[in-house]
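The primary structure of each chain is shown beneath.
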Amino acid sequence: MAITSALDALDHALVHALQIDGRASFRTIADALDVSEHTVARRYRRLRAHGVLRVAGWLNGGRLGRTSWSVRLVCAPDAAGRVAEAIARRDDTSWVRLLSGGTEIACGVQAGDDQDGDALLLKKLPRTPRIVAMSAHATLHLFAGWRSRVAVLTDEQAERIRPALPYEKEVALSAQDHTLVRVLAQDGRAGIGELAAASGWSPTTVRRRLGELRAGDTLRFDVEISPQALGYHAEAWLWMKVEPSALVAVGEAMAAHPEADVVAATTGPTNLMAGVTCRDTGDLYRYLTERVAPLHGVRELETAPVIRTVKRVGALPR
């Protein structure tokens, strides 16, 4: 898609605005950017139609008592793609990536307190002997989580877009709530009428319920956009063994790196995991050798380049 290499300043501003509030009205965004509502709507529909970006809704598992797991699978080369796509179709996977020459899969899974990542995925995986190894790492602490690659708006512009949501207590999810989330996972900007038709609720009830779920931080919205569209062409996952006494210091140091999208302390044979994005492979090399290598307490580092992102956020587009 040629359009992905030609995002201009207004496109970047629109992406940043949607990352602040994925359901902000075009009028709200237009007022903050000092452009016409028609221009914002046209830009969004153009980028959406070309598959450059998509707003997706997702449940915050932490507010629902769920544990986040990072699961690694090693497959035969001829099976990895099929297995990754099967996993990506699951509602309980939040992201899926092919790594290391296409033989390894990394994915995010959310499980309740009575399930671990191994048990959950072993019940869901396709019955195939082509999966040769598997490990699961529970997230213990998040130092940095899925930060934006775009930050072009001023603080004043951001405040004009940021929704005013009063804090609410945790809420129990109903069948209708799950129906709303399934629709929003496909299109986080789905209209109230579409959501009402899907859930069987009235438009007024849908608006109220969306407000409650968002205010309680149970429902979040994110912008799905590839790093390549923003000029980044080297992604990698890092698994690190860090001295326990240095884990907090290393995690906090990496969280301050602009290259790091996510940094988390985990269970398993490695105790720190990070996803990083760089401009190119040379930039990735410099990051590993000049920024990560000098960190005191890092005993081992495994790097796996991302070959293909099968699922980035929300549900797979239909």
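Our subject in this report is the structure included herewith. (Residues numbered from 1 in each chain as written. Predicted model: local features only at pLDDT ≥ 70, side-chain atom pairs only at ≥ 80, totals over all residues. Heavy atoms only, no water.)

Points about helix 8 (residues 192–199)
Phase 1: Turning to helix 8, its buried residues are Ile192, Leu195, Ala196 and Ser199. Seen along its axis, helix 8 keeps its buried residues to an arc of 100°; they face one direction. Residues of helix 8 that are exposed and point over 90 degrees away from its buried face: Gly193 and Ala197.
Phase 2: Summarising the contacts, the buried residues of helix 8 are in contact with helix 7 (175–186) and helix 9 (203–215).
Phase 3: Gly200 sits one or two residues past helix 8 and shows a positive phi near 85°. (Buried < 20%, exposed > 50% of the residue type's maximum accessible area, 1.4 Å probe, protein only. Helix = DSSP H or I, 4+ residues; strand = E, 2+ residues; numbered from the N terminus. Arc of directions from axis to C-beta. Contact = heavy atoms within 4.5 Å.)

Description of the packing of aromatic side chains
Phase 1: Applying the stated criterion across every chain yields a total of 3 aromatic pairs.
Phase 2: Between Phe26 and Tyr44, the aromatic rings sit 5.6 Å apart at their centres with planes inclined by 50°, giving tilted as the arrangement. Of this pair, Phe26 sits in helix 2 (residues 26–33) while Tyr44 sits in helix 3 (residues 37–49); the two residues are 18 residues apart in sequence, bridging distant segments of the chain. For the pair shown, Phe26 and Tyr44 are each scored as buried.
Phase 3: Clustering of aromatic rings is evident, with ring pairs tying together Trp95, Trp237 and Trp239. (Phe/Tyr/Trp six-rings, centres within 6.5 Å; stacked < 30°, edge-to-face > 60°.)

Some remarks on the environment of Ala274
Phase 1: Tracing the chain through its elements places Ala274 in strand 9 (residues 272–278).
Phase 2: A relative accessible area of 0% places Ala274 in the buried class.
Phase 3: In this structure the C-alpha to C-alpha distance between Ala274 and Ala236, which are 38 residues apart in sequence, comes to 8.4 Å.
Phase 4: Residues within four places of Ala274 in sequence aside, it is in contact with Ala236, Trp237, Leu238, Met254, Val262 and Val263.

Structural notes on the side chain of Asp21
Phase 1: Checked against the element boundaries, Asp21 lands in the loop between helix 1 (9–20) and helix 2.
Phase 2: Residue Asp21 is classed as buried on the basis of its relative accessible area of 7%.
Phase 3: The residues touching Asp21, leaving out its near neighbours within four places in the chain, are Ile161, Pro163 and Arg214.

Observations concerning the packing of helix 8 against helix 9
Phase 1: In the contact formed by helix 8 and helix 9, the axes pass within 9 Å of each other and the chain directions differ by 100°. Comparing the axis directions of helix 8 and helix 9 gives the class roughly perpendicular. Counted together, Ile192, Leu195, Ala196 and Ser199 of helix 8 and Pro203, Val206, Arg207 and Leu210 of helix 9 form the full contact between these two elements.
Phase 2: Taken together, the residues of the contact of helix 8 with helix 9 break down into 6 nonpolar, 1 polar and 1 charged. (Axes fitted to C-alpha atoms, helices over the stretch in contact; angles between N-to-C directions. Parallel < 35°, antiparallel > 145°, perpendicular 65-115°, else oblique. Nonpolar A, V, L, I, M, F, W, Y, C, P; charged D, E, K, R; others polar.)

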